[in-house]
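Each chain is listed here by its residues.
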Amino acid sequence: MHPIISVSNLSKTYASGFQALKNVDLEIRAGEIFALLGPNGAGKTTLISIICGIVRASEGRVLADGYDIVKDYRAARSKIGLVPQELTTDAFETVWATVSFSRGLFGKPPNPPLVERVLKDLSLWEKKDNKIITLSGGMKRRVLIAKALAHEPQILFLDEPTAGVDVELRQDMWRLVRELRDTGVTIILTTHYIEEAEEMADRIGVINKGEIVLVEEKAELMRKLGRKRLILHLQNPLASVPQSLADHRLELSAHGSELIYTYDTQGERTGITALLADLDRAGIRFKDLETEQSSLEEIFVSLVRERS
Ligand SMILES: Nc1ncnc2c1ncn2[C@@H]1O[C@H](COP(=O)(O)OP(=O)(O)OP(=O)(O)O)[C@@H](O)[C@H]1O
Ligand SMILES: [Mg+2]
């Protein structure tokens, strides 16, 4: 299928001489939800800003729905909505004015019923006559989302849409994103939260130090990353893992006072029941237990290691 966004050989070196993107190639499929994961400073915002025409690339080319983002700027831009990472809104405008104005910027005629629906969907209706400056941080973020939605974009970029927002907004966001996808909108979001990518995305891309290190179907990636650790805090430290437990994937840590079991959350069986029964038989008692999922940070480290 013909990609809705096609990024080829894209590089960006900022005026400071810092190279934020290195030969990025990426294709986004029409109608998908694509999550771009990467640590701070990886180049996510830079990539999005180039595609949205806010930052100029040093090299390479981007097509949005077939339009070159430099040569056919207007046509490309009219397809795209952006919810930026940084809160930049006109502080003294009202919510209603700022969201309505956003349509005009993209050459769309006024459409009060649409603006009303968007504001209601984002629980902003009560605040429609408030000046932006009087809103809370989470509400300002909702306004940014409303602005992006007001011109009915075909492609929507959400740069860290749920960083620092409450559970309710996060869930509203997720619902809204799904509804948009169901109407045919292509969605590209960046996030630090693996659960968010897991919940939302069809495909996941990982960017690290300006390079795309992986692009994969979510289901496949989750299978690879779905490792969890069960940590048992023992009553009495062990000098070594007993022979009778050799069949389990166990390690000792914290001077023998913790027994760590690694298992696959996506597997048919975790093996936990058998492990606990064998521990009991071996007379090993524990006073507490916890589970831990590989953090995004660890995932990056392992991904980058794998590839270098
Ligand atoms: N205007 C600029 N001038 C110089 N360097 C910049 C500029 N904007 C960004 N950078 C650098 O480019 C790199 C990538 O930044 P970018 O904002 O794209 O990262 P990010 O992946 O969005 O990070 P975060 O997760 O923190 O939002 C960083 O090292 C950053 O310091
Ligand atoms: Mg960013």
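Next up on the list: the overall build of the protein. Check the secondary structure of the protein and you find ten helices and 14 strands. Taking the principal axes of the C-alpha coordinates as reference, the protein spans close to 75 × 45 × 40 Å. Among the 308 residues that make up the protein, the fraction classed as buried is 44%. For the protein, contacts bridging at least 24 residues in sequence account for 69% of all contacts bridging at least 6. A total accessible area of about 15900 Å² is found for the protein, and carbon and sulfur atoms account for 49% of it. Both charge centroids of the protein, one from 40 positive and one from 44 negative side chains, sit 4 Å from each other.

A word on the coordination of the magnesium ion (ligand 2). Those donors, Thr45 (OG1) and Gln85 (OE1), are the protein atoms that reach the magnesium ion (ligand 2), and they lie 1.9 to 2.1 Å from it. Separated by 40 residues along the polypeptide, Thr45 in helix α1 (residues 44–51) and Gln85 in the loop between β6 (80–83) and α3 (95–105) bring together distant segments of the chain. Owing to a relative accessible area of 28%, Gln85 belongs among the partly exposed residues under this scheme.

We now examine the environment of Gly66. Positionally, Gly66 belongs in the loop between β4 (59–64) and β5 (67–68). Placed 82 residues apart in sequence, Gly66 and Ala148 show a C-alpha to C-alpha distance of 21 Å.

It is worth spelling out the pairing of strand β11 (residues 227–234) at this point. Successive residues of a regular strand alternate their side chains across the two faces of the sheet. Sheet topology places β11 next to strand β13 (residues 258–264); seven bridges connect them, and they run antiparallel. Looking at β13, one finds that Leu230 is bridged to Tyr261. Across seven bridges, β11 lies against strand β14 (residues 286–293) in antiparallel orientation. Across the sheet, residue Lys228 finds its bridge partner in β14, namely Gln293.

For the pair helix α5 (residues 137–150) and helix α6 (residues 167–182), the least separation of the axes is 12 Å and the interaxial angle reads 10°. Of the possible angle classes, the one that applies to α5 and α6 is roughly parallel. Note on element contacts: α6 touches α5 through Leu169, Asp172, Met173, Leu176 and Leu180, opposite Gly138, Arg142, Ile145 and Leu149. In terms of residue class, the contact of α5 with α6 is built from six nonpolar, one polar and two charged.

For the structure on display, the rule yields 16 salt bridges. Ionic contacts of the salt-bridge type, sharing partners, join the residues Arg142, Asp172, Arg175 and Glu179 into one network.

Here the focus is the sheet that holds strand β2 (residues 19–28). Pairing is antiparallel across the open sheet formed by four strands, whose spatial order is β2-β1-β4-β5. On the outer flanks of this sheet lie β2 and β5, each paired with one strand and no other. Where β4 and β5 come together, two bridges link them in antiparallel fashion. Residue pairing in the sheet places Leu63 in a bridge with Asp68 of β5. Running over the sheet, α1 touches β1 (5–13), β2 and β4 and is turned about 120° from β1.

Of the two faces of β6, the one lined by Ile80 and Leu82 and the one lined by Gly81 and Val83 are each fully buried. In this sheet, strand β7 (residues 155–159) lies alongside β6 in parallel orientation, the contact comprising four bridges. Looking at β7, one finds that Val83 is bridged to Leu158.

The next point concerns the site of ligand 1. Among the 15 residues in the neighbourhood of ligand 1, the closest are listed as Asn40, Gly41, Lys44, Thr45 and Thr46. Within the contact set of ligand 1, an oxygen atom lies 2.6 Å away from a side-chain nitrogen or oxygen of Thr46. Protein chains bury 65% of the 640 Å² of accessible surface belonging to ligand 1 in isolation. The element contributing the most residues to the shell around ligand 1 is α1, with three residues. Of the residues that constitute the shell around ligand 1, the class distribution is five nonpolar, eight polar and two charged.

In space, the four strands of this open sheet follow the order β12-β13-β11-β14, with antiparallel pairing throughout. In the strand order of this sheet, the two ends are held by β12 (250–253) and β14, each with one partner. With direction set aside, neighbouring strand axes in the sheet form an average angle of 25°. Here helix α9 (residues 272–281) sits on the sheet in contact with β11, β12, β13 and β14, set at roughly 155° to β13.

This part takes up the domain arrangement of the protein. Here the protein is partitioned into domain 1 (5–222) and domain 2 (226–295). Placing a centre on the C-alpha atoms of domain 1 and another on those of domain 2 gives a separation of 42 Å.

In this section: the environment of Pro110. Here Pro110 is to be found in the loop between α3 and α4 (112–121). A C-alpha to C-alpha distance of 9.8 Å links Pro110 and Ala150, two positions 40 residues apart in sequence.

About the thresholds
Residues numbered from 1 in each chain as written. Chains lettered and ligands numbered in written order. Predicted model: local features only at pLDDT ≥ 70, side-chain atom pairs only at ≥ 80, totals over all residues. Heavy atoms only, no water. Helix = DSSP H or I, 4+ residues; strand = E, 2+ residues; numbered from the N terminus. Buried < 20%, exposed > 50% of the residue type's maximum accessible area, 1.4 Å probe, protein only. Contact = heavy atoms within 4.5 Å. Areas by Shrake-Rupley, 256 points an atom, 1.4 Å probe, with all protein chains shown as cover. Lys, Arg positive; Asp, Glu negative; His and termini not counted. Charge placed at Lys NZ, Arg CZ, Asp CG, Glu CD. Donors = N, O, S within 2.8 Å, 3.2 Å for Na, K, Ca; no water. Pairing = 2+ DSSP bridges. Axes fitted to C-alpha atoms, helices over the stretch in contact; angles between N-to-C directions. Parallel < 35°, antiparallel > 145°, perpendicular 65-115°, else oblique. Nonpolar A, V, L, I, M, F, W, Y, C, P; charged D, E, K, R; others polar. Salt bridge = Lys/Arg side-chain N within 4 Å of Asp/Glu carboxyl O. Near = heavy atom within 4 Å. Polar contact = N/O pair within 3.5 Å; in protein donor to acceptor, adjacent residues only side chain to side chain. Domains from an automatic or database assignment.

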